[in-house]
Amino acid sequence: MELLIVKDYDELSRKAAEIVADELKSNPRIVLGLPTGATPLGMYRELIEMYKEGKISFKDVITFNLDEYEGLSKEDPNSYYRFMNDNFFSHIDIKEENTNIPDGMAVDIERECREYEDKIAKSGGIDFMILGIGNNGHIGFNEPAEFFPGFTHRVKLAESTIQANSRFFDSIDHVPRYALTMGIKSIMHSKKIMLLASGKAKAEAIKGALQGPITPKLPASVLQLHRHLIVIVDEEAGALLE
Ligand code: PGA
């Protein structure tokens, strides 16, 4: 594992974007796994800047997002589809047909999950997966559980996640209770993984994920088993690391 402890969120965003840009330059047809949430926003902004300055292009890049809420349409301002378009895709030269997000409105959710996983496989698998981490140690929407879930699946969100994500909604009652998420196998099959965390609310989860026992009760701890893991944390998120 490569661990980078940087000063603050801005430095984390710049460093993460630089690493993605280097990967992209060495493989213009890279398949990226992408997260939503507050953490990657700064990295997306930096990547957009680099694109506008002509330093990188996404024209042959393929992306797979980690997750999507069940029951939110593409137009819904809280859907991850909207999040990705508003915060990243609409500002770069990626082809829409090369961007993939699970369909939260699918009538047959199980089939949607199966087809999503097949599509990842047909694209040759994920080369570079970028992850945030929940306060409860989740990655994607793989919540603390008794076992590690496998491939893309439907999940009931943990109360702590509903609480944490309610900041983006009008009221907590509007936060969907279910989501579609890549599973731990989908994530662990990625060739490289980069985990990002910022702020003191993440310090416990980061400590457990990197230095605690490997347990589905803290899903991110499984990343300790990955052979090519890069972790970038700012000083607050890394405060409890030994
Ligand atoms: P955040 O979410 O980046 O908004 O903190 C991370 C996550 O829940 O995985």
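Residues numbered from 1 in each chain as written. Predicted model: local features only at pLDDT ≥ 70, side-chain atom pairs only at ≥ 80, totals over all residues. Heavy atoms only, no water.

1. Focus on the sheet that holds strand β4 (residues 67-69)
The following threshold applies: Two strands make a pair as long as DSSP finds a minimum of two bridges between them. Strands are runs of DSSP state E lasting at least 2 residues, helices are runs of H or I lasting at least 4, and numbering of each runs from the N terminus. Under this scheme, a helix contributes an axis fitted over its contacting stretch, all axes are lines through C-alpha atoms, and angles between N-to-C directions fall in the 0 to 180 degree range.
The strand order across the open sheet formed by 3 strands is β4-β8-β7, and the pairing between neighbours is antiparallel. Single-partner strands in this sheet number two, and they are β4 and β7 (153-156). Ignoring which end each strand starts from, the neighbouring axes of this sheet average 25° apart.

2. Here's the deal with the nonpolar core
Short version of the rule: Nonpolar cores were defined as sets of buried Ala, Val, Leu, Ile, Met, Phe, Trp, Tyr and Cys residues, with membership established by side-chain atoms within 4.5 Å. Only protein chains enter the calculation, and the probe is 1.4 Å; a residue is then buried if its accessible area is under 20% of its type maximum, exposed if over 50%, and partly exposed in between.
Among the nonpolar cores identified, the biggest contains 42 residues, and M43, L47, F58, F88, F128, M194 and I232 are the most heavily contacted of them. Secondary structure elements with two or more residues in this core: α1 (9-26), β2 (31-34), α2 (41-52), α3 (80-87), β6 (128-131), β9 (192-197) and β10 (229-234). Residue contributions to this core peak at 7 residues, all from α1. I193, A220, L229 and A237 belong to the second-largest nonpolar core, a separate cluster that totals 29 residues.

3. Notes on the site of the ligand
What counts is decided by this rule: Whether a residue is near a molecule or strand depends on its heavy atoms: it is near if one of them lies within 4 Å of it. Side-chain atoms alone can form a polar contact between residues adjacent in sequence; in general such a contact is a pair of N or O atoms within 3.5 Å, and within protein one must be able to donate a hydrogen while the other accepts it. Exposure was quantified through the Shrake-Rupley algorithm and a 1.4 Å probe, taking into account, for residues, occlusion by the shown protein chains and nothing else.
Lining the immediate environment of the ligand, one finds G37, A38, T39, G132, I133, G134, H138, R167 and K202. In the model, an oxygen atom of the ligand is placed 2.5 Å from a nitrogen or oxygen of the T39 side chain. Here H138 contributes a side-chain N or O atom positioned 2.7 Å from an oxygen atom of the ligand. In isolation the ligand offers 280 Å² of accessible surface; the protein chains occlude 83% of this area.

4. Details of the pattern of salt bridges
We apply this condition: Each salt bridge in this description consists of a side-chain nitrogen of Lys or Arg and a carboxyl oxygen of Asp or Glu lying within 4 Å of one another.
Throughout the structure, instances matching the rule amount to 12 salt bridges. For E23, the salt bridge is made with K192, and the minimal N-O distance between the two is 2.7 Å. Residue E23 is found in helix α1, and its partner K192 is found in strand β9; the two are separated by 169 residues along the sequence. Residue classification places E23 among the buried residues on the basis of a relative accessible area of 16%. Overall, the relative accessible area of 22% leaves K192 in the partly exposed class.

5. Here we look at the sheet that holds β6
Definition in use: Note on definitions: a residue-residue contact is assigned when non-hydrogen atoms from the two residues lie within 4.5 Å.
Pairing within the open sheet is parallel, and its 7 strands lie in the order β1-β10-β9-β6-β2-β3-β5. Unpaired on one side and paired on the other, β1 (2-6) and β5 (99-100) mark the two borders of the sheet. When strand β3 (residues 62-65) meets β5, the two strands line up parallel, connected through 2 bridges. The residue of β5 that forms the bridge with F64 is N100. Against the sheet, α1 touches β1, β6, β9 and β10, its axis set at about 160° to β10.

6. Topic: the layout of surface pockets
As a reminder, the rule being used: Here a cavity is any set of points on a 1 Å grid over the protein atoms alone where a 1.4 Å probe fits but cannot get out, and a pocket is any open set with protein on both sides within 12 Å along at least 5 of 7 lines; a residue lines the site when it has an atom within 4 Å of a point. Grid points are joined across faces, edges and corners, and a volume is the space filled by probe spheres set on the points. Any residue outside Ala, Val, Leu, Ile, Met, Phe, Trp, Tyr, Cys, Pro, Asp, Glu, Lys and Arg is labelled polar, Gly included; the first ten of those are nonpolar and the last four are charged.
Empty space within the largest pocket amounts to approximately 680 Å³. Around the largest pocket, the lining comprises 35 residues; the ones closest to its centre are G37, A38, N165, R167 and F168. Put simply, the parts of the chain that give the lining of the largest pocket at least two residues each are β4, α3 and α5 (159-165). In terms of residue class, the lining of the largest pocket is made up of 15 nonpolar, 15 polar and 5 charged. The computed volume of the second largest pocket comes to approximately 360 Å³.

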